[in-house]
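Below are the chains, spelled out letter by letter.
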Amino acid sequence: MDHVASSTPDARSVPVCYRHPDRESGVRCTRCERPICPECMVSASVGFQCPECVHGGGPAHPDTPAGAGAGRSMAAARPRTLAGGTMTADPRLFTKVLIGINIALFLVQQAVGDSFTVRFAMIGQYPGVQGVADGQFYRLLTAMFLHGGITHLLFNMLSLWWIGGPLEAALGRARYLSLYFVSGLAGSALTYAVAPHTLSLGASGAIFGLFGATGVLMRRLNYNMRPLFALLVINLIITFTPGFNIAWEAHVGGLVAGVVTGYAMVHAPRRNRALVQYGTCALVLVAVAVLTLVRTTQLT
């Protein structure tokens, strides 16, 4: 369990800075959760961190003298995100890349036509078309980058920018990409399991995974979650409203995978953190593989 410095024994109503016991503070480091005063606050991608977490990768042992970590290597002193990822100069880079890929493939769809869409969309089994049941498992991945029209594309890309950008900054690039692809694949797998005879496409499964992980992150930081809940409810209402022709399976599968993976990313203990985070991603992928293979066996 992480050591949290307490205030003096006089039962203060407001905690005091662990580095300056004479200063009250209502702000805590987003990594070690120790109270910090304005002088000790270091702005991070999400909230504030204490100097030790920024420069030394975590709080020092209570008996460690001040400045003992000054000789650490640059790699060890590199600032880390809330989830343990490396902070970068452009914390939204991979979000921009994902948006670029989606737009580029949409332009290819428009140029080539329906033959391209049908070739790479999520189809389990359909007369005259080979699908996942015929061994084309790549469709689980490629369907995540196809869209049914300009409105569909704009909605998903705006959501990806608004939700994905801050989430990438909070998790770090590798963890963010893992979350994105795990959620998207889970959405495709559930679509295949429940509705294998329909054509499905779009990044919606991955987007809903980002929604789920963002909710976990906001809960962890005690942020007001009502705006996110409102946006999520609106999306779910649209998802299940007849006439919109939306693959709800991709939304639900991505959302569940996003919540599970996001919880592991945000709440993993500092010891063996990467193992817990990527291990959870691996377990979700195993579930995706099992679900896909079972449905394939049933259809063939």
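Everything below is about the structure printed above this text.
From a predicted model like this one, the values you see are computed outputs, not experimental measurements.

Trainee: Would you explain the packing of helix α10 (residues 248-267) against helix α11 (residues 273-299) in this entry?
Mentor: The relative placement of two packed helices is expressed as an angle between their axes plus a distance between the axes. Two elements in contact, α10 and α11, have axes whose closest approach is 8 Å; the angle formed by their N-to-C orientations is 160°. The orientation of α10 with respect to α11, classified from their angle, is roughly antiparallel. Our pair here, α10 against α11, has a crossing hand that is right-handed. When α10 is examined against α11, the residues A257, V260, T261, A264 and M265 are found in contact with a partner set consisting of V276, Q277, T280, C281 and V284. Along the lines of polarity and charge, the residues of the contact of α10 with α11 split into seven nonpolar, three polar and no charged.

Trainee: Help me understand the nonpolar core, please; the structure alone is not making it clear to me.
Mentor: Across soluble globular proteins, you tend to see nonpolar side chains buried next to one another. Counting 49 residues, the largest nonpolar core has L160, L167, L171, Y180, L210 and L217 as its most contacted members. Among the secondary structure elements, those contributing two or more residues to this core are α3 (93-112), α6 (150-171), α7 (173-194), α8 (204-220), α9 (226-240), α10 and α11. In terms of residue count, α8 provides more of this core than any other element does, nine residues in total. Once you skip the residues sitting within four places of it in the chain, Y180 turns out to touch L98, N102, M144, F145, L160, A203, A206 and L210. Formed by nine residues, the second largest nonpolar core is a distinct cluster that contains C17, C32, C37 and C53.

Trainee: Help me out: how do you make sense of α3 in this one?
Mentor: In an α-helix, one turn spans 3.6 residues; hence positions three or four apart end up facing the same way. Compared with the 28 Å implied by 1.5 Å per residue over 20 residues, the 29 Å span of α3 between its first and last C-alpha is a close match. Residues of α3 that are buried include every one of T95, L98, I99, N102, F106 and Q109, and no others. Down the axis, α3 shows its buried residues gathered within 100° of arc, on one side only. Pointing more than 90 degrees away from the buried face of α3 are the exposed residues L107 and A111. In this fold, the buried residues of α3 make contact with α4 (114-120), α6 and α7. Trailing α3 by a residue or two, G113 shows a phi angle of about 105°, which is positive.

Trainee: Explain unusual backbone geometry to me, please; I cannot follow it from the model alone.
Mentor: Glycine aside, residues mostly have negative phi angles, and peptide bonds mostly take the trans form. Although it is not a glycine, E33 adopts a positive phi angle of roughly 65°. Relative to the assigned elements, E33 resides in the segment before β1 (42-43).

Trainee: Please clarify how the pattern of salt bridges should be interpreted in this entry.
Mentor: Should the charged atoms of two oppositely charged side chains come close, the side chains can pair. Enumeration over the complete set of coordinates arrives at three salt bridges. A salt bridge links R220 to E33; the nearest nitrogen and oxygen atoms lie 3.4 Å apart. Of the two residues, R220 is situated in helix α8 and E33 in the segment before β1; the sequence distance between them amounts to 187 residues. Accessibility expressed as a relative area gives 17% for R220, which makes it buried. Across the pair E52 and R34 runs a salt bridge, and its minimum N-O distance is 2.7 Å. Of this pair, E52 sits in helix α1 (residues 51-56) while R34 is found in the segment before β1, placing the two residues 18 residues apart along the sequence. On the accessibility criterion, R34 (5% relative accessible area) is buried.

Trainee: What is the right way to look at the side chain of N102 in this model?
Mentor: Secondary-structure assignment places N102 in helix α3. The class for N102 is buried, based on a relative accessible area of 0%. Engagement of the side chain of N102 in a polar contact is seen with the backbone oxygen of L98, the distance being 2.7 Å. Those residues in contact with N102 that sit more than four places away from it in its chain are M144, F145, H147, L153, M157, Y180 and A203.

Trainee: For this particular structure, what's the right way to read the environment of S159?
Mentor: Topologically, S159 is positioned in helix α6. Judged by relative accessible area, S159 falls into the buried class, the value being 7%. When the C-alpha positions of S159 and S204 are compared, they lie 9.4 Å apart, and in sequence the two are 45 residues distant. Residues contacting S159, with those up to four places away along its chain left out, are G164 and I207.

Trainee: Would you mind going over α11 with me for this structure?
Mentor: The first and last C-alpha atoms of α11 sit 39 Å apart over 27 residues, in line with the 39 Å expected at 1.5 Å per residue. Buried within α11 are the following residues: R273, Q277, T280, C281, V284, V288, T292, R295, T296 and L299. The elements touched by buried residues of α11 are α5 (139-142), α7 and α10.

Conventions we followed
- Residues numbered from 1 in each chain as written.
- Predicted model: local features only at pLDDT ≥ 70, side-chain atom pairs only at ≥ 80, totals over all residues.
- Heavy atoms only, no water.
- Axes fitted to C-alpha atoms, helices over the stretch in contact; angles between N-to-C directions.
- Helix = DSSP H or I, 4+ residues; strand = E, 2+ residues; numbered from the N terminus.
- Parallel < 35°, antiparallel > 145°, perpendicular 65-115°, else oblique.
- Left-handed = near helix turned anticlockwise from the far one by under 90°.
- Contact = heavy atoms within 4.5 Å.
- Nonpolar A, V, L, I, M, F, W, Y, C, P; charged D, E, K, R; others polar.
- Core = buried A, V, L, I, M, F, W, Y, C linked by side-chain atoms within 4.5 Å.
- Buried < 20%, exposed > 50% of the residue type's maximum accessible area, 1.4 Å probe, protein only.
- Expected span 1.5 Å × (residues − 1).
- Arc of directions from axis to C-beta.
- Salt bridge = Lys/Arg side-chain N within 4 Å of Asp/Glu carboxyl O.
- Polar contact = N/O pair within 3.5 Å; in protein donor to acceptor, adjacent residues only side chain to side chain.

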